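# Working through the structure, step by step
Take a look at the letters that make up each chain.
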Amino acid sequence: MQVPQLLVLFGSQTGTAQDEAERLAREARRRRLGCRVQALDSYAVANLIREPLVVFVCATTGQGDPPDNMKNFWRFIFRKSLLSTSLCQMDFAVLGLGDSSYAKFNFVAKKLHRRLLQLGGNALLPPCLGDDQHELGPDAAIDPWLEDLWKKILGLYPVPLDFPEIPRGVPLPSKFIFQFLQEVPSVGAEELNTASSAPQRPPSELQPFLAPVVTNQRVTGPQHFQDVRLIEFDITDSSISYAAGDVVFIMPSNSETHTQQFCQLLCLDPKQLFMLKAREPGVPYPPGLPQPCTVWQLVSQYLDIASVPRRSFFELLACLSPHGLEREKLLEFSSARGQEELWEYCNRPRRTILEVLCDFPHTAAAIPPDYLLDLIPRIRPRAFSIASSLLAHPRRLQILVAVVQYRTRLKEPRRGLCSSWLASLNPEQGLVQVPLWVRPGSLVFPETPNTPIIMVGPGTGVAPFRAAIQERVAHGQTGNFLFFGCRQRDQDFYWQTEWQELEKKGCLTLVTAFSREQEHKVYVQHRLRELGPLVWELLDRCGAYFYLAGNAKYMPTDVAEALTSIFQEIGQLSKPDAAAYLARLQQTLRFQTETWA
């Protein structure tokens, strides 16, 4: 009897959905089910009609948007030309990951589930709606759902009796085998890097451009609670071209201190050179990792040892632990009943993988190198809105970076890997290079010269609008209206002088909201309401485009509510008509957002 094949397709923005997809694959292998895992956009979607069993794992990003690595799939699956019997041979289930504090909680999973039913698919279960806001995280919903899923799958596709389930305490084989080389490399780690300082084609994730840092300047006042940096890169000879609204992806590195500490804990020689060999055919090689590679390069540039470990980390670590007490604790953390304790130990204080390994030193010292890539996720690139125009700054690219740092009950403050790494780079001490590449962003600006634009960008959300304003001013386009909000004008009023000079020239209308300069906090949505007649005039009579960028938590909803109230009060629309008016703006791309959590 043939072992059934399960296909797990994921759409992941931050890595959580991919981690859950890989967890599904591990559980399938333990049950002796064949399993493939792929990102949705790397899968040939036309083959779905021949797949008997598929689990979709997808996150919801921003305001109900699909992750970047499933956007092509999303467009395809909603084609009106697809027949209602297209997927009648397919049994499926959908696992969603979202945050119930957002209005469109798990919107992607819910909509995908409905669409698969419309195309004739047979749902094994209702969709699972994992929630970041639950005190135990998304696993609170996922654990019981998975139990039901395996019962369904094994009922439909029974495994032969001579294929017993692999016990949880036994580690599955590693994906890769590390083949350590005896010869010490004659080149340094930086020469082994897959990035290039003079690429032949436009830079990409697989071959980023090593951009020299020109300046790294703090732009918040000394009394301000947050360190915000304006960083400029030299992109001469990079073949990089960009327009307003585009984003730059940056691949950060772990600090030298953390890299050394990790190597010591695991008894690894950082200078050791190795080659990777896939244990099974068809396993893709880790993207961006050179062959051969040094341990130092693997740890500093690839393994995300500064991330908060997920439950799967503890599951595998428990399997690999030779130490009785440590293994017992790890098994507890990886069990369903131990999730509350794991949350308190790991998620609530944001304890990192490196810190966990320090707490389990006997286990850390016994980790076989072969399991490093199964145990620790890869460092993911971070996206930043480009804050400059090539028309104003030829051969340069600028970004505005808020350095992430906060305290939990742990002694050491928590620091964002990429923002802290960028802030530490000092071009005055010599050449400093950053691996980067550019992609189109979600904001598209009108090319017609007389179309006005309204931009709402509080805090660092103003970055893409600086690029747009510089570009439009260079083309002689007027009708630029910027609503900017910050705490205090003398602490975090980014590009104050630049805006004021453009105002004097008649190139910009600037409206500010300084939230901490009066008794009652004033935000950008309050300024929009105050200038309701102007906003309505621009949108309804002048055909203006409306843009919003910034934190996704509350601000987008507050701004949308301000707009609908303007449509009702100034435009004299009913509440349903005001909502429909806003929806039409969105559908025609006259209302665009770029938000982040």
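Here, the structure is the one placed above.
Residues numbered from 1 in each chain as written. Predicted model: local features only at pLDDT ≥ 70, side-chain atom pairs only at ≥ 80, totals over all residues. Heavy atoms only, no water.

### Quick notes on the overall build of the protein chain
The cut-off we apply is this: The way it works is that DSSP assigns letters per residue, a run of H or I at least four long becomes a helix, a run of E at least two long becomes a strand, and they are numbered from the N terminus. Buried means the residue's accessible area, taken with a 1.4 Å probe over protein chains only, is under 20% of the maximum for its type, while exposed means over 50%, and partly exposed covers the values in between. Throughout, a contact is declared for two residues whenever any of their heavy atoms are within 4.5 Å. Note on areas: Shrake-Rupley, 1.4 Å probe, and residue coverage restricted to the protein chains presented here. His is not counted, nor are the chain ends; Lys and Arg add positive charge and Asp and Glu add negative charge. The atoms used to mark charge sites are NZ of Lys, CZ of Arg, CG of Asp and CD of Glu.
Along its length, the protein chain carries 20 helices and 22 strands. With the principal axes as the frame, the protein chain shows a C-alpha extent of 80 × 60 × 50 Å. Looking at the 597 residues of the protein chain, the share that counts as buried comes to 50%. When contacts within the protein chain are restricted to residue pairs at least 6 apart in sequence, those whose partners lie at least 24 apart make up 76%. Total accessible area computed for the protein chain in this model is approximately 28,000 Å², and 51% of it derives from carbon and sulfur atoms. The averaged location of the 62 negative side-chain charges in the protein chain is 3 Å from the averaged location of its 61 positive side-chain charges.

### Observations concerning the layout of surface pockets
Inclusion rule: With a 1 Å grid spanning the protein atoms alone, the term cavity applies to any set of points in which a 1.4 Å probe fits but cannot get out, the term pocket to an open set with protein on both sides within 12 Å along at least five of seven lines, and the term lining residue to any residue with an atom within 4 Å of a point. Grid points are joined across faces, edges and corners, and a volume is the space filled by probe spheres set on the points. In this classification, the charged set is Asp, Glu, Lys and Arg, the nonpolar set is Ala, Val, Leu, Ile, Met, Phe, Trp, Tyr, Cys and Pro, and all remaining amino acids, among them Gly, are polar.
The volume enclosed by the second largest pocket comes to roughly 290 Å³. As for the second largest pocket, its lining consists of 16 residues, of which Ala 244, Phe 445, Pro 446, Glu 447 and Glu 471 are closest to the centre. When grouped by side-chain class, the residues that make up the lining of the second largest pocket number eight nonpolar, four polar and four charged.

### Some remarks on the environment of Leu 373
Position of Leu 373 among the secondary structure elements: in helix H13 (residues 372–375). On the basis of relative accessibility, which here comes to 16%, the residue Leu 373 falls in the buried class. Sequence spacing of Leu 373 and Leu 303 is 70 residues, and the spatial spacing of their C-alpha atoms is 7.7 Å. Not counting chain neighbours up to four residues away, the residues in contact with Leu 373 comprise Phe 176, Phe 178, Leu 276, Pro 286, Leu 298, Tyr 302 and Leu 303.

### Quick notes on the sheet that holds strand S14 (residues 396–402)
The cut-off we apply is this: Any two strands are treated as partners once DSSP identifies two or more bridges connecting them. A fitted line through C-alpha atoms represents every axis, and for helices the fit uses only the stretch in contact; the resulting angles, taken between N-to-C directions, go from 0 to 180 degrees.
Strand order in the open sheet formed by six strands is S13-S10-S17-S8-S9-S14, and the pairing between neighbours is antiparallel. At either end of the open sheet lies a strand with only one pairing partner, and these are strand S13 (382–385) and S14. In this sheet, neighbouring strand axes are inclined to one another by 40° on average, regardless of whether the strands run parallel or antiparallel. Bridging between strand S10 (residues 247–250) and strand S17 (residues 433–439) involves four bridges; their strand directions are antiparallel. Directly across from Val 248, in S17, lies its bridge partner Val 438.

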